[in-house]
Amino acid sequence: MIFITRKASFNAAHKLSRPDWTEDENTAVYGKCANPNWHGHNYQLYVTVKGEVNPETGFLVDLKWLKDITNTYVVDKIDHRNLNLDVDFMQGKLASTENLAIAIWDELHNLIAESGAALHCIKIYETENNFVEYFG
């Protein structure tokens, strides 16, 4: 078994806020992240796949292909967007980094499985000090 990771970057705005809570309740739980005027991050996304090396190609997966599907199904949809308002796969979800990682997994899991590899991990750095890892 081998693991390979592709890194991508995107910038996005979001707000942590529950519509069924008051502004004071949201601020008490989410602090500055509940700012009514939003805030943004320069995210780093790591997509790790696992499996066996194809003896014909020497690859687990073609990294250009992994880059292309990550860009098409994730980065192009979220880069310079508002996660709460603009991103189809985040509709109806609280725009936390945890929920974003799960949603990205859901976008890529089947596509990667069709290649004969398996999605192992979605890792997202929201800041230099805060990151989420999701293993499905």
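Residues numbered from 1 in each chain as written. Predicted model: local features only at pLDDT ≥ 70, side-chain atom pairs only at ≥ 80, totals over all residues. Heavy atoms only, no water.

The protein appears in an unreviewed UniProt entry as 6-carboxy-5,6,7,8-tetrahydropterin synthase from Pedobacter metabolipauper. What UniProt records for the protein under Catalytic activity (unreviewed entry) is the sentence "7,8-dihydroneopterin 3'-triphosphate + H2O = 6-carboxy-5,6,7,8-tetrahydropterin + triphosphate + acetaldehyde + 2 H(+)". (UniProt positions renumbered as here; feature names shortened; annotations may be inferred.)

Take the sheet that holds strand 1 (residues 2–14) next. Strands sit in the order 3-1-2-4-5 across an open sheet of five strands; the sheet is mixed. Looking at which strands have only one partner, the edges of the open sheet turn out to be strand 3 (81–82) and strand 5 (131–134). When strand 1 meets strand 2 (residues 39–51), the two strands line up antiparallel, connected through 13 bridges. Residue pairing in the sheet places Thr5 in a bridge with Thr48 of strand 2. Across the sheet, helix 2 (residues 63–78) touches strand 1, strand 2 and strand 3, and the angle it forms with strand 1 is around 20°. (Pairing = 2+ DSSP bridges. Helix = DSSP H or I, 4+ residues; strand = E, 2+ residues; numbered from the N terminus. Contact = heavy atoms within 4.5 Å. Axes fitted to C-alpha atoms, helices over the stretch in contact; angles between N-to-C directions.)

Turning our attention to the UniProt feature "active site" (unreviewed entry) in the protein. The feature "active site" (unreviewed entry), as given by UniProt, occupies Cys33, His80 and Glu126 in the numbering adopted here. Inspection of the secondary structure assignment puts His80 in the loop between helix 2 and strand 3. Judged by relative accessible area, His80 falls into the exposed class, the value being 60%. Locating Glu126 in the fold gives a position in the loop between strand 4 (118–125) and strand 5. In contact with Glu126, other than residues within four places in its own chain, are His14, His41, Asn42, Tyr43, Thr97 and Phe131. (Buried < 20%, exposed > 50% of the residue type's maximum accessible area, 1.4 Å probe, protein only.)

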